[in-house]
Amino acid sequence: ETEAKYSKKMQVLRDELDLRRKTELHEVEERKNTQIEELMRNHEKAFSEMKNYYNDITLKNLSLISLLKEQMEEMKKRENHLEKEKTDMLLQNKQLEEPLQQAREQLFELQKKVAHYDKDKMALTNTKAHLKVTLKELKDLQWEHEVLEQRFRKVQEERDELYQKFTKAIQEVQQKTGFKNLLLERKLKGLLSVMEKKEVELSEVLTASNLDPSALSLVSHKLKDVLGSKNATIKDLQQELARVCKAHNDLLQTMETKLTAFGIPLDNLGFKPLATPMLGR
């Protein structure tokens, strides 16, 4: 009976606990469903908001991309324009390099002039002071110049007189020297011609006479003596001619030196002095 009693209590307790469990499970299930529905609503709302957010971002990005494309095209156009301007500027710079260099050089020269301006100004003041002194010296020199001009005219008259006398003497000496040279040359040519004729005649005589060797040797020895005497005479005449030519040339050189010292051009002589070539040239 006790076992039956406790069995019944246990069954009742099990039923109560089962009912309680089922009730709690039902409540938990309802809370779970409620939470699921709440989560689904929240998820739907969050998804909708996220979708709208990303749609806005996408639209904004598309608009930004379109704007950036337009800006890129504008930048490309501007870049091409700037590139063209850059090319033009480089060409202009190249064309302006030479004027710029000239301008720099002019600037450098102007800076030098500015640097020397004070110095030049002081030099100008000193120059003005020296100019007064120089003007006074110029007046004194002008007076001395007039005196020297009078003396110069007098010396010029004396020079002309000496020039006439000297020219006359030169012409006389030249005529005498030329005549003497001509005589010596003719005499020398005559002696050479006579010697050649004698040699030819002697050769013909020796060939025709058929002399013996001793006689031929004696004749040759005498001929050599005669030729030696003639050659000595010719040498003396040549030395005399050379001496006369040298004296003539020395006289011409002295004349030219004197004319140059007196300031007389050689063209004023009216003739060209003939220089005699030295013998052997």
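About the thresholds
- Sequence order as written defines the numbering, with residues in each chain counted from 1.
- With the structure being a predicted model, the display of local features is reserved for residues of pLDDT at least 70 and the display and counting of side-chain atom pairs for 80 or more, all residues being used for whole-chain, interface and lining totals.
- As a convention, hydrogens and water are excluded, and side-chain values are obtained from all of the structure's heavy atoms.
- Strands here are runs of E lasting at least two residues and helices are runs of H or I lasting at least four, both read from the DSSP assignment and numbered beginning at the N terminus.
- Here's how the labels work: a residue is buried when its accessible area is under 20% of the maximum for its type, exposed when over 50%, partly exposed in between, all with a 1.4 Å probe on protein chains only.
- A contact between two residues is defined here by any heavy atoms of the two lying within 4.5 Å.
- Surface accessibility follows the Shrake-Rupley procedure with a 1.4 Å probe radius. Residue values consider only the protein chains on display as shielding.
- Under the pairing criterion, centres of Phe, Tyr and Trp rings, with the six-membered ring standing for Trp, must be within 6.5 Å; the plane angle then separates stacked pairs below 30 degrees from edge-to-face pairs above 60, leaving the rest tilted.
- For a Lys NZ or an Arg CZ to count as sitting over a ring, it must be within 6 Å of the ring centre and within 35 degrees of the ring normal.
- A pair is scored as a salt bridge if a Lys or Arg side-chain nitrogen falls within 4 Å of a carboxyl oxygen belonging to Asp or Glu.
- Among buried residues, those of type Ala, Val, Leu, Ile, Met, Phe, Trp, Tyr and Cys that are joined through side-chain atoms within 4.5 Å constitute a nonpolar core.
- One less than the number of residues in a helix, times 1.5 Å, gives the span that helix is expected to have.
- The bend at a residue is defined as the angle formed between two axes, one fitted to the seven residues ending at that residue and one fitted to the seven starting there.
- Confidence scores here are pLDDT values: one per residue, from the predictor, ranging 0 to 100.
- Patch membership needs two things, relative accessible area over 30% and no salt bridge, and members are linked within 9 Å if like-charged or within 5 Å if nonpolar (Val, Leu, Ile, Met, Phe, Trp, Tyr).

Undergrad: I keep staring at the overall build of the protein chain and nothing clicks. Help me out?
TA: In terms of regular secondary structure, the protein chain is built from three helices and zero strands. Mapped from its N terminus to its C terminus, the protein chain presents α and β elements in the order α-α-α. With 281 residues in all, the protein chain has 8% of them scored as buried. When contacts within the protein chain are restricted to residue pairs at least 6 apart in sequence, long-range pairs at least 24 apart make up 81% of them. For the protein chain, the computed accessible surface area is about 25,000 Å², with 58% contributed by carbon and sulfur atoms.

Undergrad: Looking at this structure, how should I read the packing of aromatic side chains?
TA: Ring pairs (aromatic) are described by centroid distance and by the angle formed between their planes. Overall, the coordinates contain one aromatic pair when judged by the stated rule. Note on Tyr53 and Tyr54: the rings are 5.3 Å apart at their centroids and 75° apart in plane angle, and the pair reads as edge-to-face. Look at Tyr53 and you get partly exposed, because its relative accessible area is 49%. According to the relative accessible area criterion, Tyr54 is partly exposed, its value standing at 46%. Here Lys9 stacks its cationic end above the ring of Tyr6, 5.2 Å away from the centre of that ring.

Undergrad: Would you explain the pattern of salt bridges in this entry?
TA: Where charged atoms of side chains with opposite charge meet at close range, the side chains can pair. Throughout the structure, instances matching the rule amount to eight salt bridges. A salt bridge links Asp18 to Arg21; its shortest N-O distance comes to 2.4 Å. With a gap of three residues between them, Asp18 and Arg21 both fall in helix α1 (residues 2-115), about one helical turn apart. Assessed through its relative accessible area of 43%, Arg21 is described here as partly exposed. Notably, a salt bridge pairs Asp140 with Lys136, separated by 3.8 Å at the nearest N-O pair.

Undergrad: I keep staring at the nonpolar core and nothing clicks. Help me out?
TA: Nonpolar side chains in soluble globular proteins generally cluster together in the buried interior. If you look at the biggest cluster of nonpolar residues, it comprises five residues: Leu184, Leu237, Leu241, Val244 and Cys245. Sort the elements by how many residues they give to this core and helix α3 (residues 213-261) lands first, with four residues.

Undergrad: What is the right way to read α1 from this model?
TA: Helical geometry note: an α-helix holds 3.6 residues per turn, so side chains three or four residues apart project in the same direction. Its 114 residues give α1 an end-to-end C-alpha distance of only 140 Å, which falls more than 12% under 170 Å, the value for a rise of 1.5 Å per residue. Of all the bends found along α1, the most pronounced is centred on Glu97 and spans about 40°, while Pro99, a proline, follows it within four residues.

Undergrad: Teacher, can you tell me more about the confidence of the model for the protein chain here?
TA: As a general rule, the predicted coordinates of low-pLDDT regions are not to be interpreted in detail. On average, the protein chain scores 79 in pLDDT, and the residues at 70 or more come to 79%. Averaged pLDDT values over the elements of the protein chain bottom out at 74 in α3 and peak at 89 in α1.

Undergrad: Whenever I open this one, a nonpolar patch on the surface confuses me. Can you help?
TA: A cluster of nonpolar side chains, Met50, Tyr53 and Tyr54, forms an exposed patch at the surface whose accessible area comes to about 350 Å². Among the secondary structure elements, Tyr54 is positioned in helix α1.

Undergrad: Please clarify how the environment of Lys180 should be interpreted in this entry.
TA: Relative to the helices and strands, Lys180 is located in helix α2 (residues 117-209). By relative accessible area, which is 40% here, Lys180 ends up partly exposed. Lys180 sits 61 residues away from Leu241 along the chain, and the two C-alpha atoms are 8.9 Å apart. Excluding anything up to four places from it in sequence, Lys180 contacts Glu240, Arg243 and Val244.

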